[in-house]
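Summary of the model geometry
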Amino acid sequence: MSGQVGKTRDAGWQIGVSKTVARPVDEVWDFVTSPAGVAIWLGDGVTLYEDKGAGYQTSTGTRGETRSFRDLDRIRLTWQPPDWSHDTTLQLTVSPVAPGRARLVIHQERLAAAGERELQRKHWQAVISRLADAITADSSADGSAG
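Anyway, here's the lowdown on the structure attached to this text. None of the values given here were measured: they were computed from a predicted structure. (Residues numbered from 1 in each chain as written. Predicted model: local features only at pLDDT ≥ 70, side-chain atom pairs only at ≥ 80, totals over all residues. Heavy atoms only, no water.)

Take the overall build of the chain next. A count of helices and strands for the chain gives three helices and seven strands. Element order for the chain, N to C, with α for helix and β for strand: β-β-α-α-β-β-β-β-β-α. (Helix = DSSP H or I, 4+ residues; strand = E, 2+ residues; numbered from the N terminus.)

What follows covers unusual backbone geometry. Positive phi, close to 60°, is recorded for Leu 72, a residue that is not glycine. Inspection of the secondary structure puts Leu 72 in the loop between β4 (63-70) and β5 (74-79). If you check the backbone angles, Arg 110 has positive phi at about 70° while not being a glycine. In this fold, Arg 110 is placed in strand β7 (residues 101-111).

Moving on, we get to the layout of surface pockets. Looking at the largest pocket, its volume works out to about 160 Å³. Trp 41, Leu 42, Gly 43, Trp 79 and His 123 are the residues nearest the centre of the largest pocket, which is lined by 15 residues in total. Taken together, the elements giving at least two residues each to the lining of the largest pocket come down to α2 (35-41) and α3 (114-140). Tallying contributions element by element places α3 first for the lining of the largest pocket, with four residues. Across the lining of the largest pocket, the residue classes break down as seven nonpolar, six polar and two charged. (1 Å grid on protein atoms, 1.4 Å probe; cavity = no way out; pocket = protein on both sides within 12 Å on 5 of 7 lines; lining within 4 Å. Points joined across faces, edges and corners; volume = space filled by probe spheres on them. Nonpolar A, V, L, I, M, F, W, Y, C, P; charged D, E, K, R; others polar.)

Let's shift gears to the pattern of salt bridges. Any two side chains of opposite charge can pair, on the condition that their charged atoms come close. The final tally for this structure, using the stated rule, is seven salt bridges. Close ionic contact of Glu 27 with Arg 23 constitutes a salt bridge, the shortest N to O distance being 3.9 Å. Residues Asp 73 and Arg 70 are paired through a salt bridge, measuring 2.6 Å at the closest nitrogen-oxygen approach. Residue classification places Arg 70 among the partly exposed residues on the basis of a relative accessible area of 46%. Three or more residues are tied together by salt bridges with common partners; here these are Arg 70, Asp 73 and Arg 74. (Salt bridge = Lys/Arg side-chain N within 4 Å of Asp/Glu carboxyl O. Buried < 20%, exposed > 50% of the residue type's maximum accessible area, 1.4 Å probe, protein only.)

Let us now look at the nonpolar core. The biggest cluster of nonpolar side chains holds 34 residues, and the ones touching the most others in it are Val 32, Trp 41, Leu 42, Val 94, Leu 104 and Ile 106. Of all elements in the fold, only β2 (12-21), α1 (25-32), α2, β5, β6 (88-98), β7 and α3 reach the threshold of two or more residues within this core. For this core, the element with the most residues is α3, which contributes seven residues. Beyond its immediate sequence surroundings of up to four residues, Leu 104 is in contact with Val 17, Ser 18, Lys 19, Val 28, Val 32, Leu 92, Thr 93, Val 94, Ile 128, Leu 131 and Ile 135. (Core = buried A, V, L, I, M, F, W, Y, C linked by side-chain atoms within 4.5 Å. Contact = heavy atoms within 4.5 Å.)

What follows deals with a negative patch on the surface. Residues Asp 26, Asp 30, Glu 50, Asp 51 and Asp 71 make up a contiguous surface patch of negative charge. If you trace the backbone, Asp 71 turns up in the loop between β4 and β5. Asp 71 sits in the exposed class, given a relative accessible area of 53%. (Patch = residues over 30% accessible without salt bridge, like charges linked within 9 Å, V, L, I, M, F, W, Y side chains within 5 Å. Areas by Shrake-Rupley, 256 points an atom, 1.4 Å probe, with all protein chains shown as cover. Lys, Arg positive; Asp, Glu negative; His and termini not counted. Charge placed at Lys NZ, Arg CZ, Asp CG, Glu CD.)

Before going further, it helps to spend a moment on the packing of aromatic side chains. Under the counting rule described, the total for this entry stands at three aromatic pairs. With 5.6 Å between their ring centres and 75° between their planes, Trp 29 and Phe 69 make a pair best called edge-to-face. Of this pair, Trp 29 sits in helix α1 while Phe 69 sits in strand β4, and the two are 40 residues apart along the sequence. Owing to a relative accessible area of 2%, Trp 29 belongs among the buried residues under this scheme. These aromatic residues form a ring-pair network of at least three members: Trp 79, Trp 84 and Trp 124. (Phe/Tyr/Trp six-rings, centres within 6.5 Å; stacked < 30°, edge-to-face > 60°.)

In structure tokens form, the structure reads like this:
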């Protein structure tokens, strides 16, 4: 058994990032599952389907399939960029932390090595910040189209 940070016996190398957003769960969920939200965290050109096994591919070639989709809670997918020889498991979770506040979490597991874990940590930190900024901007704009 390894004592290395970010490595587990069952899920391999993994990373998780989170951010609290000053919006209720339903608003955060509605945004992260909207075409604009999906484009930020999963990639351009993706339609996200709730059905288990439904495939997706981004405009840059990242591909995978839906593993589970629980409304107002979590989305679990496989995730594989075109230059990777393996897929990983990606999960996006939205949960309440206080009235009008939600916690947004992105967790990725089955990463190949510590170096890949570090690259993905930086990637998902940037993604979750962009999501949080877009959610608060979108909500303050009263949902008007831009």
